[in-house]
Amino acid sequence: CLLAQVALGDLAAQRSSAGRAYAPPTAMATSGGAQNESIYYSGALQLISIDDNGKCHMQENAVSILSQIQGKLAVVGIAGLYRTGKSFLLNRLLGLQDGFEIGPSVNPCTKGLWIWGQPVQLAADYHCILIDTEGLGSTQRTASCDMQIFSLCILLSSYFIYNSMGAIDEQAIDDLHLVLHLAKHIHVKSKKAQEAEKSSDLSSYFPSFLWVLRDFHLRLVDGQGAAISEKDYLDNALKPLPGQEEKNKLREVIKDLFRDRDCATIVRPVAEESDLRNIQRLPYESLRPQFRTQVETFVKKVYMSLKPKKIDGQVVTGAMLVSLATEYCKAINNSVVPTIQSAWTSVVQHQLRLCLKDAVQVYRSQMNDKAMQHLPMDEEQLRDLHKAAKAEALKVFLAPKFESNDAKFREYRAELASRIKQLLDHVKAENMSTSQRQCERFAKELYSRQIENKLNVKGSYQNFEQLLQDWEQVRKAYFQQTAGPAQVEVMSSWLFQRMTESAQRLWDEVRGSHEERHVGLQRKLAEAEARSVNVREVMDNERSKQSDSLEVAKRQWLAERIEMERQLEDAKRSLEEVSLRASREKAQLVDSERTVREQMKMLQERLASSAAESRRVGAAGLEGASGGGDVGGLRDAMVAMMAEVKGIGMDKKQLEMKAEHEKQLIGLERKFQRQLMDARRKNEGLIESLRQTYEDEVDGLKTYRSELIARSKDLERELERARGEAEVLKQRVAAAENEKALQKRFVDNAQRQSELVAAFLERVPGRGGKDLQPVREELGALTGGALD
């Protein structure tokens, strides 16, 4: 029911867009099945026309429409007596009131076989095509023509509707007499004349059968009056009846040929005959409700019973249906019985050829767009593109879903694989050629720009590491800018050969420059050793001279220092002696002055006492004669005292003279002290100056000695470096000699191999003697060139 509702909904949408979204048949362009969008026509198109001579002709417009349909295809065909309303039923299946032509006259409206130009889409890859046929039993057609129409409708349909009027009675069964002749006019296989074919053999190739009974007015009950279904009614009508052998035979044939069968009954649509003649002009809602209900039930039954058209389990597409119809028409036109399997074989072969052509075209297009336009490319990328293109090609080839065990299918699939392999080989050859040209061009450019230009300038490379770094840059740039299968080959052949040549050129240049440098370094080493000897001698002489002068200066400085210290000690002793003598004299002078003072004091006391005594004597007068003697004594004492005082005055003067002399001595001592201090300062300054000069000279000698040592070390390091470079040169020379020995062994092996090859060829019949002489000469030339 859901499928029927979906189909009816799609039909309603198609009807609403009819006449607006599609062009008339004459304006349509024929489009193949490979197109992404299909062009249909919302109208009836004649599929097969049958002329008056009974010849069948396929019509281009309908063929174009069918050829576009991809995927599964259900084909609903309808047949029956003319003027029984077959086209009306198909219009209801389309959800239209005015679709296939319906006419009120006694002449048939439909000539030949017609289809509706817009298929009904049942699912994403599932469509349904409706086939309307010319009415049977027309006076304008012969029985042979009716048989052709009937046979073609059954052969092309997956769901066959037989339309008749009234109940199933003897007359209705008689009207199906064409079924008896189906076994004669349709064969499953191509057989000899004497081999009979059973009607049951055709049953597996025949469509589902629906007998529609129009204007049916009977009650569906059995003999006991119990209600029965429409299918039961059909089965009861096909039961054999006693005494009717011919009709029973027809009943058996119907049951044998149409094993999946059903029945639908529909009442009269209108009551008035005038309305019946113009039923296509009446609104569908004005028809009898019971009629509308039964018609809708009929539509649902059809859509629920639909199955894809298949032959031998193989789904038939639109293009294959066209081929099948063409094969049937050819057989009929050639007065040959249509053979289903022969026609199907032809269809399958034709479809396989088309699929093969489309698949090869898809593969070619994919490879042209994604590979050939982007050459060169890596083999892995090309392999991925090949796999993707091959998958797309296989998808196109397998779209009709042929039987995988069919011999023709396997044959065409093998042919597809062969074609794809040829195309792939061509793409690979183009990829190799393009890659070869690109790789050689980039290799030459990179070598010329980054290697050869530097090699042409002597001294651009100092060592092999620099050359290897440039080659590494060349390698990276080469692999970044090139692609394809020739990438490694050009790298290993052309670039590797240039690498070997550049290494040899650099080796020759480095060896020459190292030999020159080695000679120069040896010369410089000899000169440096000579200079080193001279410098050592000069340093020894300078060191000896400096040592002698330093020793003399040191001894002179020590002598002067000792002398100055001796003078200083003498001056100190003299000063101490003078100071001591001055101290003693001063002490004596102080004692003498104190003694004089004491004596003066005593004299003054005695004088005072004498004066007092004299005054007493004068006051008394001449008291006695003895008094005169005392005065004389006193006078003597006074004279003595005055003499003593004078002596003391003289001593004082002497003492003052001595004090003055001491002062002079003290001044002299101070002056001497100042002179001594000045002399000491002068001597200390002189000593300090001598010491500073000595230390400066010592520092200068040390600096000069350090410079000499550093220079000697630099010379020694330069000598060691020169020796190391000489050792490296020796090792490289040894490596070159080893490499040369290896090359010689390789050449010897190659020569031995060439001799073995020549000896082998000599043993081959017809390949000895003079025929091998050019080979020997070429091998000898190659060996001689390798040795050189």
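Keep in mind it's a predicted model, so treat the numbers as computed, not measured.

Q: How should the overall build of the chain be read in this particular structure?
A: Counting its secondary structure elements, the chain contains 19 helices and 11 strands. Taking all 788 residues of the chain together, 36% fall into the buried category. Looking at the chain alone, contacts between residues at least 24 apart form 73% of all its contacts between residues at least 6 apart. When the accessible area of the chain is evaluated, it comes to approximately 45700 Å², of which 52% is carbon and sulfur surface.

Q: Sorry if this is basic, but what is going on with the packing of aromatic side chains here?
A: Geometrically, a pair of aromatic rings is defined through the distance of the ring centres and the angle of the planes. One pass over the structure, following the stated rule, counts 13 aromatic pairs. Taking 6.2 Å as the distance between ring centres and 65° as the angle between the ring planes, the aromatic pair formed by Phe209 and Trp211 counts as edge-to-face. Centre to centre, the rings of Tyr478 and Phe479 are 5.5 Å apart; their planes meet at 75°, and the pair counts as edge-to-face. By relative accessible area, Tyr478 is classed as buried at 0%. Counting every residue linked through ring pairs, the aromatic cluster contains Phe150, Phe160, Tyr162, Phe206, Phe209, Trp211 and Phe258. Between the NZ or CZ atom of Lys72 and the centre of the ring of Tyr126, over which it lies, the distance is 5.0 Å.

Q: I'm lost on the nonpolar core in this one. Help?
A: In a soluble, globular protein the nonpolar side chains are often hidden away together inside. Ranked by size, the top nonpolar core spans 95 residues in total, and within it Ile48, Phe150, Leu156, Phe160, Trp211, Tyr233 and Phe397 carry the most contacts. Residue contributions to this core peak at 12 residues, all from helix α13 (residues 340-370). When near neighbours in sequence (up to four residues on either side) are disregarded, Phe160 contacts Gly77, Ala79, Phe150, Cys153, Ile154, Pro207, Ser208, Phe209, Leu210 and Phe258. Core analysis: the next-biggest nonpolar cluster, separate from the first, contains 34 residues, Leu122, Ile279, Phe291 and Tyr303 among them.

Q: Honestly, the pairing of strand β6 (residues 126-133) in this entry has me stumped. Any pointers?
A: Moving residue by residue along a regular strand, the side chains alternate between the two faces of the sheet. Within β6, eight of the eight residues are buried, which leaves the element mostly enclosed by the surrounding structure. Of the strand pairs in this sheet, strand β3 (residues 72-80) and β6 are connected by seven bridges, and their pairing is parallel. Residue pairing for β6: Val75 is matched across the bridge by Ile129. In terms of strand pairing, strand β4 (residues 113-116) meets β6 through three bridges, oriented antiparallel.

Q: What is the right way to look at the environment of Cys145 in this model?
A: For Cys145, the location among the structural elements is in helix α4 (residues 143-156). The exposure class assigned to Cys145 is buried, which follows from its relative accessible area of 5%. In this structure the C-alpha to C-alpha distance between Cys145 and Gly112, which are 33 residues apart in sequence, comes to 9.4 Å.

Q: What's the story with the pairing of strand β5 (residues 120-123) in this structure? I'm lost.
A: In this sheet, β6 lies alongside β5 in antiparallel orientation, the contact comprising three bridges. Bridge pairing links Val120 to Cys128 in β6. Once β5 ends, the chain turns through two residues before running back antiparallel as β6.

Q: Which parts of the structure should I look at to understand the packing of helix α14 (residues 379-397) against helix α15 (residues 407-455)?
A: Each pair of packed helices gets described by two things: the angle between the helix axes and the distance between those axes. Relative orientation of the contacting elements α14 and α15 amounts to 150°, with a least axis distance of 11 Å. When the axes of α14 and α15 are compared, the pair comes out roughly antiparallel. For the crossing formed where α14 meets α15, the hand is right-handed. Of the residues in α15, those touching α14 at Leu382, His386, Lys390, Ala393, Leu394 and Phe397 are Phe409, Tyr412, Arg413, Leu416, Ile420, Leu424, Val427, Lys428 and Asn431. Here the residues of the contact of α14 with α15 are counted per class, giving 10 nonpolar, two polar and three charged.

Q: Would you take a moment to explain the confidence of the model for the chain for this structure?
A: Detailed reading of predicted coordinates is not advised where the pLDDT is low. Looking at the chain as a whole, the pLDDT averages 78, with 81% of positions reaching at least 70. The least confident element of the chain, judged by mean pLDDT, is helix α1 (residues 2-17) at 46; the most confident is strand β9 (residues 261-265) at 94. Counting interchain partners and residues more than four positions distant, the pLDDT-below-50 stretch residues 11-36 has 37 contacts. In the model, residues 103-107 has pLDDT below 50 throughout and makes nine contacts with residues more than four positions away in sequence or in other chains.

Q: How should the environment of Ala271 be read in this particular structure?
A: Position of Ala271 relative to the elements: it lies in the loop between β9 and α10 (273-277). On the basis of relative accessible area, Ala271 is assigned to the exposed category, the value being 67%.

Q: How should the pattern of salt bridges be read in this particular structure?
A: Oppositely charged side chains can form a pair if their charged atoms are brought close together. Evaluated as defined, the whole model comprises 24 salt bridges. Of the charged contacts in the structure, one is a salt bridge between Arg691 and Glu695, with a shortest N-O distance of 2.5 Å. Of this pair, Arg691 and Glu695 both sit in helix α18 (residues 626-763), four residues apart, which is roughly one turn of the helix. For Arg691, a relative accessible area of 32% corresponds to the partly exposed category. Residue classification places Glu695 among the partly exposed positions, given a relative accessible area of 32%. Put simply, Glu563, Arg566, Asp570 and Arg573 are held in one network by salt bridges that share partners.

Q: Would you explain the side chain of Arg92 in this entry?
A: For Arg92, the position within the fold is in helix α3 (residues 86-94). One buried charge, Arg92, has no salt-bridge partner; the nearest side chain with opposite charge is Glu296, at 6.2 Å. Looking at Arg92, its side chain comes within polar contact range of the main-chain oxygen of Leu96, at 3.0 Å. For Arg92, the residues in contact, after removing those within four places along its chain, are Gln97, Tyr284, Val295 and Val299.

Q: How should the packing of α3 against helix α11 (residues 289-305) be read in this particular structure?
A: Two elements in contact, α3 and α11, have axes whose closest approach is 10 Å; the angle formed by their N-to-C orientations is 70°. What the angle tells us is that α3 and α11 run roughly perpendicular. Across from Phe88, Leu89, Arg92 and Leu93 in α3, the residues of α11 making contact are Phe291, Val295, Phe298, Val299, Val302 and Tyr303. Residues belonging to the contact of α3 with α11 are distributed by class as follows: nine nonpolar, no polar and one charged.

Q: What am I meant to see in the environment of Arg498 here?
A: Locating Arg498 in the fold gives a position in helix α17 (residues 486-620). For Arg498, a relative accessible area of 12% puts it in the buried group. Along the chain, Arg498 and Ala443 lie 55 residues apart, while their C-alpha atoms are 9.8 Å from each other. Aside from chain neighbours lying at most four places away, what touches Arg498 is Tyr447 and Trp471. For Arg498, the side chain forms a polar contact with the side chain of Glu501, separated by 3.1 Å.

Q: Would you mind going over unusual backbone geometry with me for this structure?
A: Residues other than glycine predominantly adopt negative phi, and peptide bonds predominantly adopt the trans conformation. Of note, the bond from Leu375 into Pro376 is cis; its omega dihedral lies within 30 degrees of zero at -5°. Tracing the chain through its elements places Pro376 in the loop between α13 and α14. Despite not being glycine, Asp215 shows a phi value in the positive range, around 50°. Within the secondary structure layout, Asp215 lies in the loop between β8 (208-214) and α8 (230-237). The exposure class assigned to Asp215 is buried, which follows from its relative accessible area of 19%.

Scoring rules and cut-offs
- Residues numbered from 1 in each chain as written.
- Predicted model: local features only at pLDDT ≥ 70, side-chain atom pairs only at ≥ 80, totals over all residues.
- Heavy atoms only, no water.
- Helix = DSSP H or I, 4+ residues; strand = E, 2+ residues; numbered from the N terminus.
- Buried < 20%, exposed > 50% of the residue type's maximum accessible area, 1.4 Å probe, protein only.
- Contact = heavy atoms within 4.5 Å.
- Areas by Shrake-Rupley, 256 points an atom, 1.4 Å probe, with all protein chains shown as cover.
- Phe/Tyr/Trp six-rings, centres within 6.5 Å; stacked < 30°, edge-to-face > 60°.
- Lys NZ or Arg CZ within 6 Å of the ring centre and 35° of its normal.
- Core = buried A, V, L, I, M, F, W, Y, C linked by side-chain atoms within 4.5 Å.
- Pairing = 2+ DSSP bridges.
- Axes fitted to C-alpha atoms, helices over the stretch in contact; angles between N-to-C directions.
- Parallel < 35°, antiparallel > 145°, perpendicular 65-115°, else oblique.
- Left-handed = near helix turned anticlockwise from the far one by under 90°.
- Nonpolar A, V, L, I, M, F, W, Y, C, P; charged D, E, K, R; others polar.
- pLDDT = per-residue confidence, 0-100.
- Salt bridge = Lys/Arg side-chain N within 4 Å of Asp/Glu carboxyl O.
- Lys, Arg positive; Asp, Glu negative; His and termini not counted.
- Polar contact = N/O pair within 3.5 Å; in protein donor to acceptor, adjacent residues only side chain to side chain.

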